[in-house]
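# Residue-level structure breakdown
Given next are the chains, with one letter for each unit.
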Amino acid sequence: MHHLASRIETHFIFWSISKKRFCRLHFCRQNLSFLNQLEKEIDVLQNTLAIKSREASELRRRLGMTKINELKEGVLHGYQSLKESEPVVKTNAALKSVGFFASKKLSDIRNSTAFKSVGERVEGAYSSVRRKLSLTKSEGGTSESEEAPASAPPAEEQEKDFGEKVPL
């Protein structure tokens, strides 16, 4: 009896192992089949995508939509967005205000009596130098200390330059 029990037990173990192997083998075959089917579908989809991409590129080319044009449009759009952004608008307004304020202050300074007084003094000094130069020229010569430097323009050109008033 012991021999028969051992034989039944061996048969049961073999059957159990065979069943597990069969299940694993069946599972593997099913999954390999499914994997092959998925890979075929992926290939078909990749080919379809490549064809559609080429068609889209050709259509963009016909419409004149090049990468350079798209880049230009992107840059222009970015610049416009930046220009209209709140910080830039506020900065521009502040700079305009500062510019207006500075212009007004300069105008006020030009119209001040101190500025006019300095202008009159400079004009007086200029007239005095001009008179002395014309007197020296009319006397027929100059002394060595009053001689004009070699690089200075002729007296006629100096008079032209001195004759023009320079706005302050």
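Residues numbered from 1 in each chain as written. Predicted model: local features only at pLDDT ≥ 70, side-chain atom pairs only at ≥ 80, totals over all residues. Heavy atoms only, no water.

What follows covers the overall build of the protein chain. In terms of helices and strands, the protein chain carries 5 helices and 0 strands. Starting at the N terminus, the α and β elements of the protein chain follow one another as α-α-α-α-α. (Helix = DSSP H or I, 4+ residues; strand = E, 2+ residues; numbered from the N terminus.)

The subject of this paragraph is the pattern of salt bridges. On inspection of all chains with the given rule, the structure shows 4 salt bridges. Of the charged contacts in the structure, one is a salt bridge between R62 and E58, with a shortest N-O distance of 3.4 Å. Taken together, the residues span about one helical turn, with R62 and E58 both in helix α1 (residues 2-63) at a distance of 4 residues. What makes E58 partly exposed here is its relative accessible area of 29%. In this structure, a network of salt bridges that share partners links the residues E58, R61 and R62. (Salt bridge = Lys/Arg side-chain N within 4 Å of Asp/Glu carboxyl O. Buried < 20%, exposed > 50% of the residue type's maximum accessible area, 1.4 Å probe, protein only.)

Side chains of L59, L63 and M65 sit close together on the surface and give an oily, nonpolar patch of about 300 Å² of accessible area. Counting through the fold element by element, M65 comes out in the loop between α1 and α2 (67-83). Residue M65 is classed as partly exposed on the basis of its relative accessible area of 41%. (Patch = residues over 30% accessible without salt bridge, like charges linked within 9 Å, V, L, I, M, F, W, Y side chains within 5 Å. Areas by Shrake-Rupley, 256 points an atom, 1.4 Å probe, with all protein chains shown as cover.)

This part takes up α2. Between the first and last C-alpha of α2 there are 24 Å, a value that for 17 residues agrees with the 24 Å anticipated at 1.5 Å per step. Counted residue by residue, α2 has 0 buried out of 17 residues, so it is predominantly exposed. (Expected span 1.5 Å × (residues − 1).)

This part takes up the confidence of the model for the protein chain. Taken residue by residue, the protein chain gives an average pLDDT of 76. The fraction at 70 or more is 68%. Across the protein chain, the secondary-structure element scoring lowest on mean pLDDT is helix α5 (residues 155-163), at 49, and the one scoring highest is α2, at 86. In the predicted structure, residues 143-152 sits below a pLDDT of 50 and forms 3 contacts with residues beyond four places in sequence or in another chain. Taken as a whole, residues 158-162 scores under 50 in pLDDT and shows 8 contacts with residues more than four places along the chain or in a different chain. (pLDDT = per-residue confidence, 0-100. Contact = heavy atoms within 4.5 Å.)

Its place among the elements puts E70 in helix α2. The contacts of E70, once residues within four sequence positions are left out, are R60 and M65.

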